[in-house]
Amino acid sequence: MKEFVISEAQTEKAVLVGLVTQTQNERKTNEYLDELAFLAETAGAEVVKRFTQKLDTPNSVTYVGKGKLQEIKEYLAMQNEDEETEIGMVIFDDELSAKQIRNIEKELSVKILDRTSLILDIFAMRAQTANAKTQVELAQYKYMLPRLQRLWTHLERQGGGSGAGGGKGSVGLRGPGETQLEMDRRIILNRMSLLKQRLADIDTQKSTQRKNRGRLIRVALVGYTNVGKSTLMNLLAKSDVFAENKLFATLDTTVRKVIIDNLPFLLSDTVGFIRKLPTDLVDSFKSTLDEVREADLLVHVVDISHPDFEEQIQVVDKTVSELGAGGKPTMIVFNKIDAYTYIEKDADDLTPKTKENVTLEELMHTWMAKMNDNCIFISARNKTNLEELRRLLYNKVRELHVQKYPYNDFLYQTYDEEGSL
């Protein structure tokens, strides 16, 4: 029943399919497909071809039109004549319905994945702790439940039958029976109920842990996936959190005690967000994202080198608001300034300047004027401006601490980098 998941990271060739619609122009579609290709690479697939089509809305039967589906079919047939170029799956950039998956599979005769199932597969690969595995399994079952019908096309009745010898059922088993589909649905619902109870128990346990953390300010790192949150966490907390240049390297929230100068606080690293993040995943990762809800200060890490970093900021802000954490004190850390590039305009070019022509200095002035002292530009890899970030964090955490615990003598003795007085 888990056949929609790539069970392990192995190099499979894949084709991507996206739509240019009224709400999504060609440039945006290509950006989404770039991200989908990165997701496929993270899952262990190699993207060899992309197909796009202009449609007002996705086709309710096959997502793309009949002509485009035939074009994809002919391309697959041509490539699959040779084992070396054989393509094993087609990945669609939007979530597909059970009917769409069934019809496309019937036509193309290869594995069909959508963006949601691909993200779920990566989450299944990345899950390390019992908490993360439980959350991923619940999200997978939520995804699978409305799509069960495509797994059982025969729908044979089990133990059904009626009349004297007229039915297939044996003595004592005659009756309306139960389809394989209904049995699977019942099994999955029972399993989901058990997983929800486990997550509720984990939530209670984590809530108790949070209460026992003492009178310390909580700071949560939030941001789009693969912006450098875990790398920054390692630098600030001098810890060894797993960090990799792939999407969703971090699933489990990691909390570390950080001391800057003479001020202690708690710093947590959370799962990254992404465009078109499945709602089921947000629901399943509720206990993990409670760190965001209960934080006193959010540090929003942004990849300034990404061409669409402003849209990524909007995606994260929207997700944080949906989690009920909107309105919290927030500062923005623009990371990866070492990777920032721009296209310099010719002196005789009188066309309006685009975002590709904006220098890093211009961006700095723009955002610092907009955010006052609530933003900073750094490179976690090169450790550029890290001391300035520490100073900014110190000032903000100290201000929050004095407000929240006015009578708590929280100040430690001053320590140097080696931990000596």
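Residues numbered from 1 in each chain as written. Predicted model: local features only at pLDDT ≥ 70, side-chain atom pairs only at ≥ 80, totals over all residues. Heavy atoms only, no water.

(A) Focus on the sheet that holds strand 7 (residues 218–223). Spatial ordering of the open sheet is given by 8-9-7-10-11-12, a layout of 6 strands whose pairing is mixed. Each end of this open sheet is capped by a strand with a single partner; those strands are strand 8 (254–260) and strand 12 (375–377). Taken pair by pair, the neighbouring strands of this sheet meet at an average axis angle of 25°, ignoring direction. Relative to strand 10 (residues 297–303), strand 7 runs parallel, the two being bridged by 5 bridges. From the neighbouring strand, valine 219 faces strand 10, where its bridge partner is leucine 297. Contacts from helix 10 (residues 309–322) reach strand 7, strand 10 and strand 11 (330–335), with the element oriented near 150° to strand 10. Running over the sheet, helix 11 (residues 360–371) touches strand 11 and strand 12 and is turned about 165° from strand 12. (Pairing = 2+ DSSP bridges. Helix = DSSP H or I, 4+ residues; strand = E, 2+ residues; numbered from the N terminus. Axes fitted to C-alpha atoms, helices over the stretch in contact; angles between N-to-C directions. Contact = heavy atoms within 4.5 Å.)

(B) Main features of a negative patch on the surface. Taken together, Glu81, Asp82, Glu83, Glu84 and Glu86 make up a surface patch of like negative charges. Mapped onto the elements, glutamate 81 comes out in the loop between helix 2 (66–79) and strand 3 (89–92). (Patch = residues over 30% accessible without salt bridge, like charges linked within 9 Å, V, L, I, M, F, W, Y side chains within 5 Å. Areas by Shrake-Rupley, 256 points an atom, 1.4 Å probe, with all protein chains shown as cover. Salt bridge = Lys/Arg side-chain N within 4 Å of Asp/Glu carboxyl O. Lys, Arg positive; Asp, Glu negative; His and termini not counted. Charge placed at Lys NZ, Arg CZ, Asp CG, Glu CD.)

(C) Inspection of the pattern of salt bridges at higher detail. On inspection of all chains with the given rule, the structure shows 19 salt bridges. Lysine 111 serves as the salt-bridge partner of glutamate 12, at 3.3 Å between the closest nitrogen and oxygen. Pair noted here: glutamate 12 is in strand 1 (residues 12–20) and lysine 111 is in strand 4 (residues 111–114), with a separation of 99 residues, a long-range link. Taking relative accessible area as the criterion, glutamate 12 reaches 17% and is therefore assigned buried. Classification of lysine 111 as partly exposed rests on a relative accessible area of 24%. The partner of aspartate 34 in a salt bridge is arginine 50, and the shortest N-O contact between them spans 2.8 Å. Of this pair, aspartate 34 sits in helix 1 (residues 26–43) while arginine 50 sits in strand 2 (residues 45–54); the two residues are 16 residues apart in sequence, bridging distant segments of the chain. We classify arginine 50 as partly exposed; its relative accessible area is 36%. (Buried < 20%, exposed > 50% of the residue type's maximum accessible area, 1.4 Å probe, protein only.)

Read these as geometric descriptors, not functional statements.
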